[in-house]
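Residues per chain, in single letters:
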Amino acid sequence: MKRPNMQSTWFTPSIQLPRDSRDTLFMLFVIAWVLAPQVGHLPLWCSVMAGSALIYRAYLAWHTRPLPSRWWLRGVLVLTVAATLWSHKTLLGRDAGVTLVVVLLALKTLELRARRDAFVVFFLSFFLMLTNFFYSQSLLTAGAMLVALMGLLTALVNTHKPVGKPPLLESARTAGMMALWGVPIMALLFVLFPRMAPLWGIPSDGMSGRSGLSSSMQVGNIASLALDDSIALLVRFNGEMPDQSDLYFRGPVLSDFDGKSWTALQSSLPERLQVAADLRGQGTPVNYQVTLKPSNHPWLLVLDATPEKPLLNGYQVSMTPELQWVTDRPIGDLVRYTAQSFPKFTHGPLTYKAGLQDYLNLPTGFNPRTAQWAKELRTQAGDGEGASAQLVDTIMNHLRTGGYTYTLEPGLYGRHSADEFWFDRKLGFCEHMASSFVILIRAMGIPARVVTGYQGGKRNAVDGYWVVRQSEAHAWAEVWISGQGWTRVDPTSAVSPGRTGTFERLQREQGAIGTALLGTVNTEFALNLRAYWDAANNSWNQWVLNYTQGQQLKLLENLGFESPNWEDLIYVLIAAVVVASLGAALWGLWDRHHRDPWLHLLERASARLRRSGIDVAPNSPPRRVAEQLIQQLGPDHPGAPALKDWLLRLEAIRYAPPVAGAKPSNGLATLRRTFKQLPWPT
Amino acid sequence: MSNATTGEPDRGRFWRHPIRRLQRRFRQWFESRLPLTDSVTLTQRSVYILPTGPGLMLGATLLLLLVASINYQLNLGYMLTFLLAGTAMVGMLVCHGTLRGVSLHLALPSPVFAGTSALMEVQLQSQRRSTRHGIGLAVMGSGHWAWCNVPAQGVCTLQVAFQPARRGLHRVPTLTAETRYPLGTFRVWTVWRPAAQVLVYPTPEVSAPPLPLASAHAGDGPATQSSVAGDFDGVRAYRRGDPLKMVVWKKLAKADELVSRDSVHALGVELWLDQRETGLSHPERQLSRLCAWVLQADRLALDYGLRLAGLDIPPASGEAQKKRCLQALALNR
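Here is what the cut-offs are and how they apply
Residues numbered from 1 in each chain as written. Chains lettered and ligands numbered in written order. Predicted model: local features only at pLDDT ≥ 70, side-chain atom pairs only at ≥ 80, totals over all residues. Heavy atoms only, no water. Helix = DSSP H or I, 4+ residues; strand = E, 2+ residues; numbered from the N terminus. Contact = heavy atoms within 4.5 Å. Buried < 20%, exposed > 50% of the residue type's maximum accessible area, 1.4 Å probe, protein only. Areas by Shrake-Rupley, 256 points an atom, 1.4 Å probe, with all protein chains shown as cover. Core = buried A, V, L, I, M, F, W, Y, C linked by side-chain atoms within 4.5 Å. Patch = residues over 30% accessible without salt bridge, like charges linked within 9 Å, V, L, I, M, F, W, Y side chains within 5 Å. Salt bridge = Lys/Arg side-chain N within 4 Å of Asp/Glu carboxyl O. Expected span 1.5 Å × (residues − 1). Pairing = 2+ DSSP bridges. Axes fitted to C-alpha atoms, helices over the stretch in contact; angles between N-to-C directions. Parallel < 35°, antiparallel > 145°, perpendicular 65-115°, else oblique. Left-handed = near helix turned anticlockwise from the far one by under 90°. Nonpolar A, V, L, I, M, F, W, Y, C, P; charged D, E, K, R; others polar. Disulfide = S-S within 2.5 Å. pLDDT = per-residue confidence, 0-100. Buried area = accessible area lost by both parts, 1.4 Å probe. Polar contact = N/O pair within 3.5 Å; in protein donor to acceptor, adjacent residues only side chain to side chain.

K.L.:
An account of the overall build of chain A is needed here, citing residue identities and associated values.
P.N.:
When helices and strands are counted, chain A shows 22 helices and 20 strands. A sequence separation of at least 24 residues applies to 71% of the contacts in chain A between residues at least 6 apart.

K.L.:
Mind laying out the overall build of chain B, listing which residues take part and the relevant values?
P.N.:
Per the secondary structure count, chain B includes eight helices and 17 strands. Here chain B holds 333 residues, and 48% of them are scored as buried. The long-range fraction of contacts in chain B, counting pairs at least 24 apart against all pairs at least 6 apart in sequence, stands at 65%. Summing over all exposed atoms, chain B offers an accessible surface of approximately 17,000 Å²; the carbon and sulfur share of this is 56%.

K.L.:
Describe the nonpolar core, and please don't skip the residues or the numbers.
P.N.:
All names here are of chain A. If you look at the biggest cluster of nonpolar residues, it comprises 84 residues, and the most contacted ones within it are F122, F126 and M129. Considering every element that reaches this core, the biggest residue donor is helix 5 (residues 115-135), with 14 residues. Core analysis: the second largest hydrophobic core is formed by 38 residues, F257, Y413, I446 and I481 among them.

K.L.:
So what's going on with a nonpolar patch on the surface? Which residues, and what values?
P.N.:
All names here are of chain A. Where nonpolar side chains cluster on the molecular surface, the patch consists of M177, L180, W181 and V183 and spans about 440 Å² of accessible area. Within the secondary structure layout, V183 lies in helix 7 (residues 168-192). Accessibility expressed as a relative area gives 35% for V183, which makes it partly exposed.

K.L.:
So, helix 5 of chain A: which residues are in play, and what are the values?
P.N.:
For helix 5 of chain A, which comprises 21 residues, the first-to-last C-alpha distance of 32 Å matches the rise-based estimate of 30 Å (1.5 Å per residue) to within 8%. Burial within helix 5 of chain A is extensive, with 18 of its 21 residues counted as buried.

K.L.:
I'd love a proper account of the sheet that holds strand 5 (residues 118-125) of chain B, names of residues and values included.
P.N.:
All names here are of chain B. Within the open sheet, the four strands sit side by side as 1-3-5-8. Their pairing is antiparallel. Looking along the sheet, the strands with just one partner apiece sit at the ends: strand 1 (39-41) and strand 8 (155-162). Averaged over neighbouring strand pairs, the angle between their axes works out to 20° when direction is ignored. Sheet analysis places strand 5 next to strand 8, joined by eight bridges and oriented antiparallel. Its bridge partner lying in strand 8, L119 is registered against A161.

K.L.:
Any chance you could break down the packing of helix 19 (residues 597-611) of chain A against helix 20 (residues 622-633) of chain A for me, citing the residues and the numbers?
P.N.:
Residue and element names in this part refer to chain A. Across the interface, helix 19 lies against helix 20 with an axial gap of 11 Å and an inter-helix angle of 15°. Relative to helix 20, the element helix 19 lies roughly parallel. At the point where helix 19 passes helix 20, the crossing takes the left-handed sense. Where helix 19 abuts helix 20, its residues W598, L602, S606 and L609 lie against P622, V625 and L629. Its residues assigned to classes, the contact of helix 19 with helix 20 shows six nonpolar, one polar and no charged.

K.L.:
So what about the state of the cysteines? Which residues, and what values?
P.N.:
All names here are of chain B. Applying the stated criterion across every chain yields a total of one disulfide over all chains. Paired by a disulfide, C148 and C156 hold their sulfur atoms 2.4 Å apart. In terms of burial, C148 and C156 fall into one category: buried.

K.L.:
How would you sum up the confidence of the model for chain A? Please name residues and give values.
P.N.:
Looking at chain A, pLDDT values average 81 and 87% of them are 70 or higher. This model gives residues 1-14 of chain A a pLDDT under 50, and the stretch forms 11 contacts once residues within four places in sequence are excluded.

K.L.:
Any chance you could break down the interface of chain A and chain B for me, citing the residues and the numbers?
P.N.:
Contact with chain A, which involves 56 residues of that partner, is made by 44 residues of chain B. Summing the contributions of chain A and of chain B, the shared interface buries around 4,600 Å²; its carbon and sulfur component is 77%. At the junction of chain A with chain B, the criterion picks out zero salt bridges. Linking chain A with chain B are six residue pairs in polar contact (both at pLDDT 80 or more). For the side of chain A that touches chain B, the secondary-structure elements that each account for two or more residues are helix 5, helix 6 (139-159), helix 7 and helix 16 (523-545) of chain A. Here the residues of the side of chain A that touches chain B sort into 38 nonpolar, nine polar and nine charged.

K.L.:
Outline the pairing of strand 19 (residues 473-481) of chain A, supporting the account with residue identities and numerical values.
P.N.:
All names here are of chain A. Within strand 19, nine of the nine residues are buried, which leaves it mostly tucked inside the rest of the structure. Examined bridge by bridge, strand 16 (residues 448-455) and strand 19 share seven bridges and lie antiparallel to one another. If you follow R449 over to strand 19, its bridge partner there is E478. Summarising the sheet, strand 19 and strand 20 (residues 485-489) pair through five bridges and their orientation is antiparallel. Each bridged residue has a counterpart across the sheet, and for W480 the counterpart in strand 20 is W486.

K.L.:
Tell me about helix 19 of chain A, residues and numbers included.
P.N.:
For helix 19 of chain A, built from 15 residues, the straight-helix expectation of 21 Å at 1.5 Å per residue is met to within 8% by its first-to-last C-alpha distance of 21 Å. G613 of chain A sits one or two positions beyond helix 19 of chain A and adopts a positive phi of about 85°.

K.L.:
Go over the sheet that holds strand 7 (residues 146-150) of chain B with me, naming the residues and quoting the values.
P.N.:
Within a sheet, neighbouring strands are paired by backbone hydrogen bonds and run either parallel or antiparallel to one another. All names here are of chain B. Taken in spatial order, the five strands of this open sheet run 2-11-10-6-7, and their pairing is antiparallel. With one partner strand each, in any of the chains shown, strand 2 (48-51) and strand 7 form the two edges of the open sheet. The mean angle between the axes of side-by-side strands here comes to 30°, regardless of whether they run parallel or antiparallel. Where strand 6 (residues 132-139) lies against strand 10 (residues 175-179), five bridges are found, and the strand directions are antiparallel. By the bridge assignment for strand 10, A138 is matched with T176. Its contacts with the sheet place helix 4 (residues 75-99) against strand 2, strand 6, strand 10 and strand 11 (186-192), and it is angled at close to 20° to strand 11.

K.L.:
Could you give an account of the packing of helix 5 of chain A against helix 4 of chain B, with specific residues and numbers?
P.N.:
Look at helix 5 of chain A against helix 4 of chain B: their axes get within 9 Å of each other, and the N-to-C directions meet at 155°. Relative to helix 4 of chain B, helix 5 of chain A is oriented roughly antiparallel. Pair helix 5 of chain A / helix 4 of chain B crosses with right-handed handedness. In this structure, helix 5 of chain A uses F126, M129, L130 and F133 of chain A to contact helix 4 of chain B, whose residues at the interface are L76, G77, L80 and L84 of chain B. Here the residues of the contact of helix 5 of chain A with helix 4 of chain B are counted per class, giving seven nonpolar, one polar and no charged.

K.L.:
For the pattern of salt bridges, give the residues involved together with the corresponding values.
P.N.:
All names here are of chain A. On inspection of all chains with the given rule, the structure shows 24 salt bridges over all chains. A salt bridge links K161 to E170; the shortest N-O distance between them is 2.7 Å. Judged by its relative accessible area of 0%, K161 is buried. Two residues, D304 and R250, come together in a salt bridge whose shortest N-O distance is 3.2 Å. Taken together, the residues span a long stretch of sequence, with D304 in the loop between strand 9 (302-303) and strand 10 (317-319) and R250 in strand 3 (residues 248-254) at a distance of 54 residues.

K.L.:
Account for the side chain of D358 of chain A, naming residues and giving values.
P.N.:
Following the sequence through the fold, D358 of chain A ends up in the loop between strand 13 (344-346) and helix 9 (368-381). Beyond its immediate sequence surroundings of up to four residues, D358 of chain A is in contact with S255, L265, S267, L269 and R442 of chain A.

K.L.:
Pulling in residues and values, what's your account of the environment of T37 of chain B?
P.N.:
Residues and elements named next belong to chain B. Position of T37 among the secondary structure elements: in the loop between helix 2 (18-33) and strand 1. Residue classification places T37 among the partly exposed residues on the basis of a relative accessible area of 24%. Sequence spacing of T37 and W192 is 155 residues, and the spatial spacing of their C-alpha atoms is 8.0 Å. In contact with T37, not counting residues within four places along its chain, are W192, R193, P194 and A195.

What follows is the structure, encoded as structure tokens:
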């Protein structure tokens, strides 16, 4: 069927859609844009259904066909509610809610009849934009949602132009201008609106799907992180920074081994017998600030070793006996804290203590060959002073020279992971090495434990921040040596010195596509680009995502408040609103008086004449006023010629082309001056 | 003034409904305060603003977004919420500015017959340097909106119609202009009482009886046939409005002056449309019939006079006569 408005000749291929169809298609496109980032988090059926609803609606709009009946839609809605219930086992909660709203929005587009329906679509879309932020608040997401907001506002503005077929670009410009004027209001509210605690607690599903360190280490965990290029934390050093090889960020310490996985120590000893941290810093400390991405774990990553509490608002911070800093609740948002660390330090008891036996436990029935080997080594070394240190050296030498390889793909390990590592495969990632190393050391009767965290980082030349990515997750060992206390030993550095020294990273082999994409690109250029992107992302984190109540109160302190609280924030907000309203009122006043000076003068003259009983019609141009004047005063009136002359000059100033060189306002000023001296009729 | 001109029928049950009654009272009181003027420039004082239903819905959405941002600690959510709120606030100002500063001028409406629609032509004028979008105009309470965009420093013309219920001279109904541009979250409107009055003629009777020629004076009727050729008594100077077929063209050719046949003499009758001779008793229906007759006589280009109680309009023909007669009929008490 050919539509009558389809005027497609060979030289104008563009199809002239009717306004309704065009507006609907535009709106569908914007909705698709809002929904697209959600697809990864939605059940498959939901994405497919929403997509087909939108496509079907677009088809109807393109061919200007009627919408499906309400009963049909209701049927689909009931089905989708059932499907949601089936997918999420509930209709409440975040994920189920988002699924439902997506379905509702998609179905609502099939029910766009009245303007009310359009508004429902708009408001659902605004809400869905927010739900995107559950999953990502990155700069990229922000940019995409800004585009979506502009699209929605454009559609909204367009809806309210009832006449003709207004160009979308014009509506977009209006929407853009309005949003631009809205930015100061947004900034004010963003800065001053008190950041409250969650109204009913952070929902438990708020953090799902985030990667990072884990509270237990199973062989293979960290290897999966190694390919995760997202940023874990950002560090800025104030003053001197430590050696690159000292950049060990301490995370969970894992001391219990059940044969398969390492977990935190569950000591059976009473607390007074457990080994205290007993940290002693040496030399000069380094000062730095850490911005930590939300991990949903109560860990503060700090450099080894930090004796003083890191400064962090809103959380209770304490140190475990294993030197790890933890908070009282999981970190659900971006946090920033300052800390002071000693790159040179000792900790733990210097002489053997009762509690140290916790770090000797090994499950029976695992790794028999390693145990056997440990016994041999032990016997060779003897029992003398410094035997432990010597044994550690021996093993590190063995790692260095024994043909061990650092690799991301060591293959699957079986039940006796340490045996396989030491004798069969000789391949491993840091977790294999740390785990096997600690098992061996413990089997020799020396207390040892696994420490996980991040090692290394890369300085962004653009903004000077050190970026630590998830791929820098690392596991190393700590061995207790008599007279030295706990000592860090990194078996990985023995196998692959570059891993800890110059931060060389294992890279997955680039496939054909990767080579095709990157091979031709100037890698330095690409690296620079990435540095800028990271810097932009980092400022985004620093200024926007990390803007917390602490930052707000600090701002108030800078404004001169002593020990401000959130009530002060309200006061400042109210004050700002009052000032803004006053400003607006003043502007309105100014605007009223600041009118076209020409018109203003004419109006004054008309008003003056009306007061003397001369009937001057409103909106008369000066020449007409003059005519009315002469008509009513009579041509013989003594003042009439002067008044007429004045009015005609006024007209000339308004309409005569400006004379080159003469200031256009000059004549007007003269007219204004002579206004009072004119022979006004009484 | 009665409310009949607003086109809203008086219903008895309105008066029993206390809220409706109060609303009506309020509207009457409100409108009575407005000045009567045919030209008005809208200012801060004459422009009103209130959120619309969707506006309140947007408010609820913003609250929901805010709660979600607080609960999930989403700084980006705060930004979205506040940017949307800021834009809506700016939208409010833009909406107000769209109507503020517009000048409205009403052209004098032409007379109409009762029962037909009177057109009011309103000029909307803008001094602003940008287009004002989506301004609607309607007779207050009618719900029939006419929309236009007022171009930058330009004028647009809108027509709204209303149906006067009765003959006579009526003030045109109260008008209202509104805009919801740009976001539809606010309604900005004004109420305007033009001073202009519209003259409403009686409804011409449908299929009225033929003109009462029989009852004409000097009733010899067809005797006039004799006086057709060369009867120069029946000639007078041309008057504006004389039908062309009455012009003596021969005379024009000879003497270079326009001369009309004196139709009264030519026909030998005087056509008087007399209220008492309509054969009807109801005064309004009498007027209706007279109205129909006036139109008929005018169409036939006859000379006719109108005789109402206490008013005689001497016979004549032409547009002026028609107007005079219709006006007399409209204003007859």
